[in-house]
Amino acid sequence: MKSKVLVIKLLFLAAIVIPHPGIAGEPLGAMPDLPGVSIGRANAYWIAPYVKISEVGFGEKGTTTATWFTDDGGERTIGVVDFQPGFVTARENDQEVILGVNEAWRIVLPKNPGPADYITSTSDSRTFVYQFHPEPGQIALDVYVHGRLAKTSGPFFQYNAEGVKLSKDGSAAMLIWKEAAKTTPQVMVLNSSGSLQFRADCDDPGYSPIAAPDGVGAVLRPIAGENTFVFYTREGKMRSFEVSPNPRCVGWVPGTLRSLFSTNLEYKHRYHLIDWDTGKRLWDIPCPANGHALGIAITSKFIIFSVAEFYNGGPWRGASWLIHNNEREWIRSFYAVSIDNGKVISRWQAPFPRRLSDDDRERFVQLGKRLYYVTSREFVELSEDDIIFGKSGWKH
């Protein structure tokens, strides 16, 4: 009996003292770690392969730095005032400069007429866009490819409050008015080189078009409360398709007109591969293991899901083993799904459960032909051969 009581006490203490990150989506910092008022804080995490952000705070003051590492041990650190997955903003001699995260470029934004209101880039840093307003009611874009100004598009007549939307390959789409009278909206699409691919009259109202690879087409999102997406090319409106409920475009299969959508009903997600060339749904699957997708990568062969699954362990550490506030333990798994039929080809699962956290900032990063998975604490490179041949813990 005494041994049983001792085991129970040890498990209770473990639940309290073992550091576990919180479940994805839970409020962080709700419970203080130390008594008293916080004076000094430090935090560091990966935002991309080989690139780390460090934040240090004292009272209400603080500094943020970005550090680039190389395989041979080299490193470069600069102070930054803002950062995104594809670029950071720094100040040099009282001048604001933009630096690529995954490519070594430096951009000083030009003194364009009118106010600027938006800068964005692809997550791999390949394409950077500076959006500005030459005149009231007008909108224009400077498109940089690999850090060099490739094209200036516009000015166009701005449609409502719409701005540019970048796709993963650097293609872009935006809604504009065809003429100053603002009677006919158009979808304007740029290819991955920043050149104008086409302008096509479209339905009104419209919302945030999604450019297909290399700008050969674009899918126009429905307005709030509707689920029908409309596909346009340079020939105009081609077809429409209803994806429901609560649809979201995840991305495109490279070099094709097939796009992955997610739907969500009562926190249960399904994934649909839509072929806009034929207007058909190719397949429809639930999230693997009925878990929660932490990240999704789309390659020419696979859709790879990083999934948080509920952990169901042994009798002493099973689904009923809870920490404070009824928090559940999860285990991270990866599933490679076939583009052709939506079936799971290979699976990898972490050996231990944990409580996953928003602080992990989990995502896939594709740099050329190399695919990485990045969390705040670690980054790894995924191998297509490992997935295909069942190596490095992948199982068929």
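Scroll up a little and you will see the structure.
Residues numbered from 1 in each chain as written. Predicted model: local features only at pLDDT ≥ 70, side-chain atom pairs only at ≥ 80, totals over all residues. Heavy atoms only, no water.

Caption draft 1: Looking closely at unusual backbone geometry. Going from Gly-154 to Pro-155, the amide bond is cis rather than trans, its omega being 10 degrees. By the element assignment, Pro-155 lies in strand E12 (residues 148–158). With omega at 0 degrees, the peptide bond leading from Ser-244 into Pro-245 counts as cis. Tracing the chain through its elements places Pro-245 in the loop between strand E20 (236–242) and strand E21 (248–252). The phi dihedral of Lys-182 is positive, around 55 degrees, even though this residue is not glycine. With respect to the element layout, Lys-182 can be found in the loop between strand E14 (172–177) and strand E15 (185–190). Overall, Lys-182 belongs to the partly exposed group, its relative accessible area being 39%. Phi at Asn-290 is positive, roughly 55 degrees, even though this residue is not glycine. (Helix = DSSP H or I, 4+ residues; strand = E, 2+ residues; numbered from the N terminus. Buried < 20%, exposed > 50% of the residue type's maximum accessible area, 1.4 Å probe, protein only.)

Caption draft 2: Examining the pairing of strand E7 (residues 95–100) more closely. In this structure, strand E6 (residues 87–92) lies alongside E7, joined through six bridges in antiparallel fashion. Residue pairing across strands places Ala-90 opposite Val-97, the latter belonging to E7. Between E6 and E7, which pair antiparallel one after the other, the connecting turn spans two residues, and Asn-93 there sits at a positive phi close to 55 degrees. Pairing geometry for E7 and strand E8 (residues 106–107), over two bridges, is antiparallel. What sits directly across from Leu-99, in E8, is Arg-106. Between the antiparallel neighbours E7 and E8 lie five residues. (Pairing = 2+ DSSP bridges.)

Caption draft 3: The arrangement of the nonpolar core in detail. Judged by nonpolar contacts, the single largest core of 15 residues is most densely connected at Leu-260, Tyr-271, Trp-283, Ile-303 and Phe-305. Mapped by element, the contributors of at least two residues to this core are strand E23 (268–275), strand E24 (280–286), strand E25 (292–298), strand E26 (302–310) and strand E27 (330–338). In terms of residues, this core owes the most to one element, E26, which gives three residues. Every residue in contact with Trp-283, bar those within four places of it in the chain, is listed here: Leu-260, Tyr-271, His-272, Leu-273, Ile-303, Val-337, Ser-338, Ile-339, Asp-340, Asn-341 and Gly-342. (Core = buried A, V, L, I, M, F, W, Y, C linked by side-chain atoms within 4.5 Å. Contact = heavy atoms within 4.5 Å.)

Caption draft 4: Quick peek at the environment of Ala-161. Position of Ala-161 relative to the elements: it lies in the loop between E12 and strand E13 (165–166). Residues Ala-161 and Leu-175, spaced 14 residues apart in sequence, show a C-alpha to C-alpha distance of 9.4 Å.

Caption draft 5: Examining the side chain of Asn-191 more closely. Looking at the secondary structure, you find Asn-191 in the loop between E15 and strand E16 (196–201). Other than its neighbours up to four places away in sequence, Asn-191 contacts Gly-170, Ser-171, Gln-197, Asp-214 and Gly-215.

Caption draft 6: Region of the structure containing the sheet that holds strand E1 (residues 40–48). The sheet built from four strands is open, its strands ordered E1-E2-E3-E4 with antiparallel pairing. Every interior strand has two partners, whereas the edge strands, E1 and strand E4 (75–79), have only one. Ignoring which end each strand starts from, the neighbouring axes of this sheet average 20 degrees apart. Pairing of strand E3 (residues 61–69) with E4 involves five bridges; the strand directions are antiparallel. Bridge pairing in E4 places Ala-66 opposite Ile-78. (Axes fitted to C-alpha atoms, helices over the stretch in contact; angles between N-to-C directions.)

Caption draft 7: A look at the packing of aromatic side chains. One pass over the full model with this rule turns up 20 aromatic pairs. Relative to Phe-83, the ring of Tyr-45 lies with its centre 6.4 Å away and its plane at 55 degrees, an arrangement referred to as tilted. You can see Tyr-45 sitting in strand E1 and its partner Phe-83 sitting in strand E5 (residues 82–83), a full 38 residues away along the chain. Taken together, a centroid distance of 4.9 Å and an interplanar angle of 85 degrees make the contact between Phe-334 and Tyr-373 edge-to-face. Residue Phe-334 is found in strand E27, and its partner Tyr-373 is found in strand E30 (residues 370–374); the two are separated by 39 residues along the sequence. (Phe/Tyr/Trp six-rings, centres within 6.5 Å; stacked < 30°, edge-to-face > 60°.)

Caption draft 8: Here's a closer look at the layout of surface pockets. By volume, the largest pocket is sized at about 1,600 Å³. Ser-123, Ser-167, Lys-168, Val-250 and Gly-251 are the residues nearest the centre of the largest pocket, which is lined by 49 residues in total. Here the lining of the largest pocket is built from residues that sort into 25 nonpolar, 13 polar and 11 charged. (1 Å grid on protein atoms, 1.4 Å probe; cavity = no way out; pocket = protein on both sides within 12 Å on 5 of 7 lines; lining within 4 Å. Points joined across faces, edges and corners; volume = space filled by probe spheres on them. Nonpolar A, V, L, I, M, F, W, Y, C, P; charged D, E, K, R; others polar.)

Caption draft 9: A look at the sheet that holds E8. One open sheet holds the four strands; their spatial order is E5-E6-E7-E8, and the pairing between them is antiparallel. Two strands bound the open sheet, and with one partner strand each, they are E5 and E8. Direction of pairing for E5 relative to E6: antiparallel, over a ladder of two bridges. Looking at the pairing, Asp-82 lines up with Thr-89 of E6.

Caption draft 10: Quick peek at the side chain of Ser-153. Residue position: Ser-153 is located in strand E12. On the accessibility criterion, Ser-153 (7% relative accessible area) is buried. Apart from residues lying up to four places away in sequence, Ser-153 is in contact with Ala-140, Leu-141, Leu-190 and Gly-194.

Caption draft 11: Summary view of the pattern of salt bridges. Taken as a whole and assessed by the stated rule, the structure comprises eight salt bridges. Here Asp-203 makes a salt bridge to Lys-237, at a shortest N to O gap of 3.1 Å. You can see Asp-203 sitting in the loop between E16 and strand E17 (207–211) and its partner Lys-237 sitting in strand E20, a full 34 residues away along the chain. Across the pair Arg-347 and Glu-309 runs a salt bridge whose closest N-O atoms are separated by 3.8 Å. (Salt bridge = Lys/Arg side-chain N within 4 Å of Asp/Glu carboxyl O.)

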